[in-house]
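Structural characterization, general
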Amino acid sequence: MIALSRPAVLRALVALLLAAAGGARAYAQSPEQTALLRQIKAADREQLSVSEEDGRFLRLMVVSSGAKRVLEIGGAHGYSAIWMGLGLRETGGRLTSIEADVERARIAAENIRKAGMADVIAVVPGDAFAAIPKIDGEFDLVFLDAWKRDYKRFLDLVLPRLHPRGLLLAHNVVNKQAEMRDFLAAIEQNPNLITAIVKPSDEGISVTVKLR
Ligand SMILES: C[S@@+](CC[C@H](N)C(=O)[O-])C[C@H]1O[C@@H](n2cnc3c(N)ncnc32)[C@H](O)[C@@H]1O
């Protein structure tokens, strides 16, 4: 029998508690994922990626809505996709991220592989207007972050595919609202939609739920 001193017993208890807490946080962001997200931002000279705060918000929306079938339109280098992927680890869902620029799509797929999320996120290179009709089924959550002038056309394309109570999130609705007035009017005036605009950072995100 091993005799343990009181401090040793305390240390063992603390270790047990930490292990239990660690188990509960099995899908928390790892230090490697945090470092990778910072690297993607640092390499993003065109400043295409959403802000860290917006990324955190996207993750939160995925988890709180329980979304399983998620679509991203405009994936760039995979920054926002990885944030949503962190949420999808909780819900058990999948993300399809469409990126028109072939080189950006290649880098996104590489970053997603480095994040250990290749099983959760599929990067589809190509024009989302052509790619979306080829994807089967409905979506629980759509994140729209392509060129702003196209938002209204994307709304028309994805709205019939959004599950009732599904969410459409659109980026830059505050700082680039002048480029998407038709989209903003459409989400406000459609009686089957409820929208709130939030500002995790200055760009602004519209959060729209489809009622039925
Ligand atoms: C603002 S960036 C996306 C940033 C990304 N969501 C992130 O936070 O990491 C916009 C991207 O949309 C892509 N894009 C624009 N129009 C598109 C389209 N029709 N289909 C697919 N991607 C498109 C652009 O090539 C660009 O990389």
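Read on for an overview of the structure. Because the structure is predicted, anything quoted here is derived from the model rather than measured.

Turning our attention to the packing of helix H7 (residues 151-158) against helix H8 (residues 181-189). At a minimum axis distance of 7 Å, the contact between H7 and H8 shows a crossing angle of 40°. The orientation of H7 relative to H8 falls into the category oblique. Each of Tyr151, Lys152 and Leu155 in H7 lies in contact with H8, whose residues at this interface are Asp182, Phe183, Ala186 and Ile187. When its residues are assigned to classes, the contact of H7 with H8 shows five nonpolar, no polar and two charged.

Moving on, we get to the site of the ligand. Around the ligand, a shell composed of 21 residues is seen, among which Gly74, Ala76, Tyr79, Ser80 and Ala128 lie nearest. Residue assignment for the shell around the ligand shows that the elements contributing at least two residues are helix H4 (79-91), strand E2 (94-99) and helix H6 (128-131). Counted by class, the shell around the ligand contains 10 nonpolar, five polar and six charged residues.

The next point concerns the sheet that holds E2. Pairing between sheet strands relies on hydrogen bonds along the backbone, with the strands arranged either parallel or antiparallel. Here we have seven strands laid out as an open sheet, ordered E3-E2-E1-E4-E5-E7-E6, and mixed in their pairing. Each edge of the open sheet carries a strand with a single partner, namely strand E3 (121-125) and strand E6 (193-198). Between one strand axis and the next, the sheet turns by 15° as a mean value, whatever way the strands run.

The end-to-end C-alpha separation of helix H3 (residues 52-65) is 20 Å, in line with the 20 Å expected for 14 residues at 1.5 Å each. Listed as buried for H3 are Asp54, Gly55, Phe57, Leu58, Arg59, Met61, Val62 and Ser65. Looking at the buried residues of H3, the elements they touch are strand E1 (69-73), H4, strand E4 (139-144), strand E5 (162-171) and strand E7 (205-210). Among the residues trailing H3, glycine 66 stands out with phi positive, at a value near 70°.

Along the chain, glycine 87 turns up in helix H4. A count of 25 C-beta atoms within 10 Å places glycine 87 in the buried class. Each C-alpha atom, one on glycine 87 and one on serine 64, is 8.8 Å from the other, the two residues being 23 residues apart in sequence. Those residues in contact with glycine 87 that sit more than four places away from it in its chain are Arg59, Val62 and Val63.

Unlike most non-glycine residues, alanine 76 shows phi in positive territory, near 45°. Of note, alanine 76 is situated in the loop between E1 and H4. Accessibility expressed as a C-beta count within 10 Å gives 26 for alanine 76, which makes it buried. If you check the backbone angles, asparagine 172 has positive phi at about 65° while not being a glycine. For asparagine 172, the location among the structural elements is in the loop between E5 and H8. With 20 C-beta atoms counted inside 10 Å, the residue asparagine 172 sits in the buried group.

About the criteria used
Residues numbered from 1 in each chain as written. Predicted model: local features only at pLDDT ≥ 70, side-chain atom pairs only at ≥ 80, totals over all residues. Axes fitted to C-alpha atoms, helices over the stretch in contact; angles between N-to-C directions. Helix = DSSP H or I, 4+ residues; strand = E, 2+ residues; numbered from the N terminus. Parallel < 35°, antiparallel > 145°, perpendicular 65-115°, else oblique. Contact = placed C-beta atoms within 7 Å. Nonpolar A, V, L, I, M, F, W, Y, C, P; charged D, E, K, R; others polar. Near = placed C-beta within 6 Å. Pairing = 2+ DSSP bridges. Expected span 1.5 Å × (residues − 1). Buried ≥ 20, exposed ≤ 12 C-beta atoms within 10 Å, placed from the backbone.

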